[in-house]
Amino acid sequence: MQKTTFIRQNVFPILAAFIWGTAFVAQSVSTEFVQPFTFNAARFFVAFVFTLGLAVLFRARRKRDFGEQAKPRPHYRRELLLSGLCCGAALTLGNNLQQKGLETTTSGKAGFITALYIVIVPILGIFLKKRVGKEVWASVALAVVGLYFLCIREGFAIAEGDFFMFLCSLCFSAHILMIDHFTEKVDGVELSCAQFLVAAVFSAVGMLAAEQPSWEALQACVWPILYVGVFSSGVAYTLQILAQRDSNPTVVSLLLSLEAVFAVLAGALLLGDRMNGREYFGCGLMLTAVILAQIPWGAGKALPAREPDRSAVFPAEESGQTPARED
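Keep in mind the model is a prediction, meaning the values are calculated, not measured.

K.L.:
Residue-level account of the overall build of the protein chain, with values.
P.N.:
Scanning the protein chain from terminus to terminus reveals 14 helices and zero strands. Beginning at the N terminus, the succession of helices and strands in the protein chain can be written as α-α-α-α-α-α-α-α-α-α-α-α-α-α. For the protein chain, the residues scored as buried account for 50% of the 327 residues in total. Here the analysis covers contacts within the protein chain between residues at least 6 apart in sequence; of these, 91% occur between residues at least 24 apart. Looking at the protein chain as shown, the accessible area adds up to about 15800 Å², and 67% of this sits on carbon and sulfur atoms.

K.L.:
Which residues make up helix 12 (residues 259-271), and what values go with them?
P.N.:
For helix 12, every residue scored as buried is listed here: Glu259, Ala260, Ala263, Val264, Ala266 and Gly267. Count one or two residues on from helix 12 and you reach Gly272, which has phi positive near 75 degrees.

K.L.:
I'd love a proper account of the environment of Cys221, names of residues and values included.
P.N.:
When you line up the elements, Cys221 lands in the loop between helix 9 (215-220) and helix 10 (222-244). Excluding its chain neighbours within four sequence positions, the residues that come into contact with Cys221 are Ser30, Phe33 and Val34.

K.L.:
Can you lay out a nonpolar patch on the surface for me, pointing to particular residues and giving the numbers?
P.N.:
On the surface, a nonpolar cluster with roughly 520 Å² of combined accessible area is contributed by Leu81, Leu85, Leu197, Val201, Phe202 and Val205. At the level of elements, helix 3 (76-101) and helix 8 (188-210) are the ones that each hand at least two residues to the nonpolar patch. The greatest single-element share of the nonpolar patch, amounting to four residues, is contributed by helix 8. Mapped onto the fold, Val201 is located in helix 8.

K.L.:
Quick one: what's the story with the nonpolar core, residue by residue and with numbers?
P.N.:
Core analysis: the biggest nonpolar cluster contains 31 residues, and Phe44, Tyr117, Phe196, Tyr237 and Leu256 have the highest contact counts within it. In terms of residue count, the dominant contributor to this core is helix 7 (residues 160-182) (six residues). With sequence-adjacent residues up to four places away left out, Phe44 is seen in contact with Leu91, Asn95, Phe196, Ala199, Ala200, Ser203 and Ser233.

K.L.:
Can you explain the packing of aromatic side chains? Please cite residues and give values.
P.N.:
Across all of its chains, the model carries six aromatic pairs by this definition. The interplanar angle of 80 degrees and the centroid separation of 5.0 Å between the aromatic rings of Phe149 and Phe281 together place this pair among those described as edge-to-face. One end of the pair, Phe149, is in helix 6 (residues 134-151); the other, Phe281, is in helix 13 (residues 277-292), with 132 residues separating them in the sequence. Counting every residue linked through ring pairs, the aromatic cluster contains Trp20, Phe44, Phe196 and Tyr237. Residue placement shows Arg43 over the ring face of Phe44; its charged tip is 4.9 Å from the ring centre.

K.L.:
I'd like a rundown of the confidence of the model for the protein chain, residues and numbers included.
P.N.:
Of all residues in the protein chain, 80% have pLDDT values of 70 or greater, and the mean over the chain is 79. Mean pLDDT values over the elements of the protein chain span from 50, in helix 14 (residues 315-318), up to 94, in helix 8. A low-confidence stretch, residues 299-312 stays under pLDDT 50, and its non-local contacts, those more than four residues away or across chains, total 34 contacts. Across residues 318-327, confidence stays below pLDDT 50; counting only partners more than four residues off in sequence or on other chains, it has 16 contacts.

K.L.:
Please set out the packing of helix 3 against helix 8 residue by residue, giving values where relevant.
P.N.:
At a minimum axis distance of 7 Å, the contact between helix 3 and helix 8 shows a crossing angle of 50 degrees. In terms of orientation, helix 3 and helix 8 fall into the oblique class. By crossing handedness, the relation of helix 3 to helix 8 is classed as right-handed. Between helix 3 and helix 8, the contacting residues are Tyr76, Leu80, Ser83, Gly84, Leu85, Cys87, Gly88, Ala89, Leu91, Thr92 and Asn96 on the first element and Glu190, Leu191, Ala194, Gln195, Phe196, Val198, Ala199, Phe202 and Ser203 on the second. In terms of residue class, the contact of helix 3 with helix 8 is made up of twelve nonpolar, seven polar and one charged.

K.L.:
Tell me about the side chain of Gln240, residues and numbers included.
P.N.:
Note that Gln240 resides in helix 10. For Gln240, a relative accessible area of 2% translates into the label buried. Leave out the neighbours within four places in its chain, and Gln240 touches Trp20, His175, Ile176, Ile179 and Leu256.

K.L.:
I'd like to hear about the packing of helix 8 against helix 10, residue by residue, with values.
P.N.:
The geometry of helix 8 relative to helix 10 is characterised by a closest axis approach of 9 Å and an angle of 135 degrees between their N-to-C directions. As judged from the angle between their axes, helix 8 and helix 10 are oblique. Like other packed secondary-structure pairs, helix 8 and helix 10 cross with a definite hand, here right-handed. Where helix 8 abuts helix 10, its residues Gly188, Val189, Leu191, Ser192, Gln195 and Phe196 lie against Ser233, Gly234, Tyr237, Thr238, Ile241 and Leu242.

K.L.:
How would you explain the pattern of salt bridges if you had to name every residue and give the values?
P.N.:
Throughout the structure, instances matching the rule amount to two salt bridges. The closest approach of N and O atoms between Glu103 and Lys100, which form a salt bridge, is 3.4 Å. Glu103 gets classed as partly exposed once you look at its relative accessible area, which sits at 35%.

K.L.:
With reference to specific residues and values, describe the environment of Asn96.
P.N.:
You can see Asn96 is positioned in helix 3. In this structure, the C-alpha to C-alpha distance between Asn96 and Ala41, residues 55 residues apart in sequence, is 9.5 Å. Among the polar contacts made by the side chain of Asn96, one reaches the main-chain carbonyl oxygen of Thr92 at a distance of 2.8 Å.

Calculation notes
Along each chain, residues carry numbers from 1 onward, in the same order as the chain's sequence is written. Residues qualify for local features only when their pLDDT is at least 70, as the model is predicted, and side-chain atom pairs are given and counted only at 80 or more; totals for whole chains, interfaces and linings, by contrast, use all residues. The side-chain numbers reported here are obtained from all heavy atoms of the structure, hydrogens and water having been left aside. Strands here are runs of E lasting at least two residues and helices are runs of H or I lasting at least four, both read from the DSSP assignment and numbered beginning at the N terminus. Three labels apply to residues, based on accessible area from a 1.4 Å probe with only protein chains included: buried if under 20% of the type maximum, exposed if over 50%, partly exposed otherwise in between. We call two residues contacting when some pair of their heavy atoms lies within 4.5 Å. With residues, only the protein chains shown are counted as cover, and all accessible areas are computed by Shrake-Rupley using a 1.4 Å probe. Residues enter a patch when their relative accessible area is above 30% and they make no salt bridge; the linking distance is 9 Å between like charges and 5 Å between nonpolar side chains (Val, Leu, Ile, Met, Phe, Trp, Tyr). By salt bridge we mean one thing: a side-chain nitrogen of Lys or Arg within 4 Å of a carboxyl oxygen of Asp or Glu. To form a nonpolar core, buried Ala, Val, Leu, Ile, Met, Phe, Trp, Tyr and Cys residues must be joined to one another through side-chain atoms within 4.5 Å. Planes of paired rings set the category: under 30 degrees apart is stacked, over 60 is edge-to-face and the rest tilted, where pairs are Phe, Tyr or Trp rings (Trp by its six-membered ring) whose centres lie within 6.5 Å. Whether a charge lies above a ring is judged from NZ of Lys or CZ of Arg, which has to be within 6 Å of the ring centre and within 35 degrees of the ring normal. The predictor attaches a confidence to each residue, called pLDDT, with possible values from 0 through 100. Working convention: axes come from line fits to C-alpha atoms, limited for helices to the stretch in contact. Angles between N-to-C directions cover 0 to 180 degrees. Working definition: roughly parallel below 35 degrees, roughly antiparallel above 145 degrees, roughly perpendicular at 65 to 115 degrees, and oblique for all remaining angles. For a crossing to be left-handed, the near helix must be turned anticlockwise from the far one by less than a right angle; the clockwise case is right-handed. We call Asp, Glu, Lys and Arg charged. Ala, Val, Leu, Ile, Met, Phe, Trp, Tyr, Cys and Pro are nonpolar, and the rest, Gly among them, are polar. Pairs of N or O atoms within 3.5 Å make up the polar contacts considered here, provided that, within protein, one atom can donate a hydrogen while the other can accept it, and that residues adjacent in sequence are counted only when both atoms are side-chain atoms.

Structure follows, in structure tokens:
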């Protein structure tokens, strides 16, 4: 495996997981100042501006190197619009549910419940006619037990924030499956930019309809918004898209789930969050479940990475043609 391929398929998702995990701290702090739609409208606008700059830069470099041969295939804009709408809608729902949940739960618990997408994704794959092995169902059962110890309190009461986090995990599961589908059709950075624009618009509509935003509140948490907007959104989601483009989704998803570990560590170090022994035991069971769900027991080895089909995006890059000019 080439060095650059190894970095993209392994280092990228770990970096994304680290950024997402530490971002739970910034998101938790912001709940004291702004409501969910307001926060996400601001963060996704920042992310859109950031990735738009990257997309323009990369498109200009591609045109410089390949000239007219670097033009996208026909119908590319329609595919980009469709992918941006689908991924942006899932991103909007997931992040607003997550931000709402952080109002009443700790960043550590939020990180672990969010990581349930690693179990939910193969279950949703059933509806896409993908086979699910017995080990996945065993992981689901183990995750349910872990959720019980982590979230269920006396009287079988589930905190409101925990419920929102579970719904958020469902949305992120759908987002992962959509990314897996669309990365073969459109450029990763441009897809990232498009989904952020859609998410910013949808969140802004929700903000105007259900909240009372103020400049004072936004200014009070400007640094958390900038961190989450640039790093958690602009950088981490783009790293996710680039890592999933032609990788084994099993391995990438497992690496992304490390955000739960980073979330607990960041919450303990920066916010002083503490969980009791019962909750830590639940976290351990859930982490075990998400790992077991990704081990190919029957195959004996990881599934091979898919071969990229970039010819559907920028044909000159896959045709082996010489660039129009040398650097």
